[in-house]
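Below, each chain spelled out in residue letters.
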Amino acid sequence: MKPITLLTASLFALTASAQFNNPLSIPPALDVDTFDLVVDEHVHQFYPGVSTPTYGASAEYLGPTLILHKGDTAHIRVHNDLAQVTSMHWHGLRVPSEFDGGPQREVLPGEVWNVKYQVKNQAGTYWYHPHPHELTAEQATFGVAGFIIVQDADEAALDLPRTYGVDDFPIVVQDRRFNTDGSFVFGPFGDSVLVNGTPRPYVDLPAQVVRLRLLNGSNSRIYNLGFDDGRSFPVIAGDGGLLSVPASTDRLLLSNGERDEILLDLSGMEGDSLLLMSFGSELPASMPGSSFILWESSALNGIDFPVLRIRVGAPTATPVTSIPATLVPTTPPHLGDVSRTRYKSFSGTGMAGMGMFYINGLQFNMDVVNDTVALGATEIWRVENASDIAHPFHIHGGSFYILDRNDMPPPAWEQGPKDVVLVDMADHVRLLMKFDDLTDEGWPLMYHCHNLMHEDNMMMLQYIVLDANMAVGDAADAPSISVYPSPSAGQVTYRSTFTVSEIFVMDQLGRIVLRRAGLSRTSGEVDLQDLPMGTYVLVMRSRTQQARAVIMRE
């Protein structure tokens, strides 16, 4: 079916002020003991008289903003009322891997998934979205996503705008394409811009300092955000929370899944207006959304287009009128604690919506653990892009810090905690991360390209975090093993709580590098001297039980 372009790109840009006549939808903010997110099919009118089949999370399109408080325990019930499997990932949050919502977690049709986790993250802007295997992009396109705002005492002590929907606004930018019958065209690019699900939106903001929480919720498009009057603006937070000091810029490159919080000083502008723009003409050819002729077509590719009209009204009774000089201290892990460097290389060829892309020559296999990390380890991950397109790289399970891009310090607004980093073609970045949380047995964490089309096409691997000094097994009666010494230069001794019939050792790519019979005993030795130095996972099995432990070969 032929897609309709509701506005041509040139007309969209030239007559923006006349066409931005839809009030921006602001999702409701919920601050409750237990959140219920009902994922279901709906019909929504983005344009008058045009009905579009959608999905939503307790809404026709998108979902409510969840307000969480650091130190509290979040309780969430995810109801799957779709006809297909779904899941829910709490993007950017440190949660137990059992509740992370990766592709291993399948919430079947009609099922309710009860989620519980302690809120460990600092104040910041996070989000939730589905993560089912090979269905993430489709379900996100149809509208399953929403904001999460974490609050804490450090942020509350600052003189910042934080009245939701008055001077503090969630802003998710998406591009969508529509068929003639109003249904979505599923693919990497759209030719209509939606902000919070609103086409051609305007928002009334007070003439004072306001806060915009920006999220790129598009499948593939990268946005190059700025304002039509060329103004600079301070970035106060990235993916993982506040920066140490505001960082000024006039352009903000926002890749898929990335968030940034900015402040706008609208003091003295009452009665005036301005446009939030995406300057697509400035994108390099390697980035989805540029004018590169071989990529999938869109009327928005390679041009500058407006995203949101801001109309300035009267200030509130208690306005924020200044921008703080300092925010909160950021505390990256110590470089002196780094125990190893991992190398992650992107390869392959294709386009924004199709192609074959790899990480270290591998694609996703749900049955393979690609990396085993020791609990408490501080590591550097060097991510390099040898493919023909830019990729946003996302790690589940916590935040990292960017050490450098192409051996140069990152811009100031990228110097706080992050969980998504854009790696352009032929670029390399080094990321510093501390792994403070064990993964639960059977629930690895993911790292992947956050271009949702690439993610669903297997550009994704997984890792686990194990305690090198303890056997795996939470319950007192759970099968477990102990291994000593570790680290070891050769032979290790094991003791188990069950009779071992099979022993094997896996490397950090999940490959079995040693296998032997267990001799139906509960103790014995394993010789590692023929293995290279590194970290391995020792797995022991009986007919009915299994346990594993991390071992270090030095």
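Computed from a predicted model, the values in this text were never measured in an experiment. (Residues numbered from 1 in each chain as written. Predicted model: local features only at pLDDT ≥ 70, side-chain atom pairs only at ≥ 80, totals over all residues. Heavy atoms only, no water.)

1. So, the sheet that holds strand E2 (residues 22-23)
Here is step 1 of the chain: In space, the six strands of this open sheet follow the order E2-E16-E24-E23-E18-E21, with mixed pairing throughout. With one partner strand each, in any of the chains shown, E2 and strand E21 (252-254) form the two edges of the open sheet.
Here is step 2 of the chain: Here strand E18 (residues 223-227) pairs with strand E23 (residues 273-279) via three bridges, running antiparallel. Among the inter-strand pairings, Gly226 is bridged to a residue of E23, identified as Met277. (Pairing = 2+ DSSP bridges. Helix = DSSP H or I, 4+ residues; strand = E, 2+ residues; numbered from the N terminus.)

2. Focus on the side chain of Asn451
Here is step 1 of the chain: For Asn451, the location among the structural elements is in the loop between strand E33 (445-449) and helix H5 (452-456).
Here is step 2 of the chain: Separated by 2.9 Å, the side chains of Asn451 and Ser220 make a polar contact.
Here is step 3 of the chain: Within the local environment of Asn451, its side chain forms a polar contact with the backbone oxygen of Ala352, the two atoms lying 3.1 Å apart.
Here is step 4 of the chain: Those residues within four positions of Asn451 in sequence are excluded, and the remaining contacts are Asn219, Ser220, Asn256, Ala352 and Pro392. (Polar contact = N/O pair within 3.5 Å; in protein donor to acceptor, adjacent residues only side chain to side chain. Contact = heavy atoms within 4.5 Å.)

3. Things to note about the pattern of salt bridges
When the charged atoms of two side chains with opposite charge come close together, those side chains can pair.
Here is step 1 of the chain: Within this structure, the stated rule accounts for 28 salt bridges.
Here is step 2 of the chain: Across the pair Glu384 and Arg382 runs a salt bridge, and its minimum N-O distance is 2.5 Å.
Here is step 3 of the chain: What makes Glu384 partly exposed here is its relative accessible area of 30%.
Here is step 4 of the chain: What emerges from the salt-bridge pattern is a single network uniting Glu155, Arg162, Asp168, Arg211, Arg213 and Glu261. (Salt bridge = Lys/Arg side-chain N within 4 Å of Asp/Glu carboxyl O. Buried < 20%, exposed > 50% of the residue type's maximum accessible area, 1.4 Å probe, protein only.)

4. Looking at the packing of aromatic side chains
Here is step 1 of the chain: In the structure shown here, the tally under the stated rule is 20 aromatic pairs.
Here is step 2 of the chain: Between Tyr223 and Phe305, the aromatic rings sit 6.5 Å apart at their centres with planes inclined by 75 degrees, giving edge-to-face as the arrangement. Highlighted residues: Tyr223 in strand E18 and Phe305 in strand E24 (residues 304-313), separated in sequence by 82 residues. For the pair Tyr223 and Phe305, one class covers both residues: buried.
Here is step 3 of the chain: Measuring from ring centre to ring centre gives 5.5 Å for Phe227 and Phe233, while their planes differ by 80 degrees; the resulting arrangement is edge-to-face.
Here is step 4 of the chain: On the accessibility criterion, Phe227 (2% relative accessible area) is buried.
Here is step 5 of the chain: Cluster of aromatic residues (ring-pair linked, three or more members): Phe46, Tyr47, Tyr55, Tyr61, Phe142, Phe178 and Phe184. (Phe/Tyr/Trp six-rings, centres within 6.5 Å; stacked < 30°, edge-to-face > 60°.)

5. Examining the environment of Val119
Here is step 1 of the chain: When you line up the elements, Val119 lands in the loop between strand E9 (112-118) and strand E10 (124-129).
Here is step 2 of the chain: Residue class for Val119 comes out buried when judged on its relative accessible area of 4%.
Here is step 3 of the chain: The spatial distance from the C-alpha of Val119 to the C-alpha of Asp72 is 5.6 Å, given a sequence separation of 47 residues.
Here is step 4 of the chain: Non-local contacts of Val119, meaning those with residues more than four positions away in its chain, are made with Leu68, His69, Lys70, Gly71, Asp72, Ala74 and Val150.

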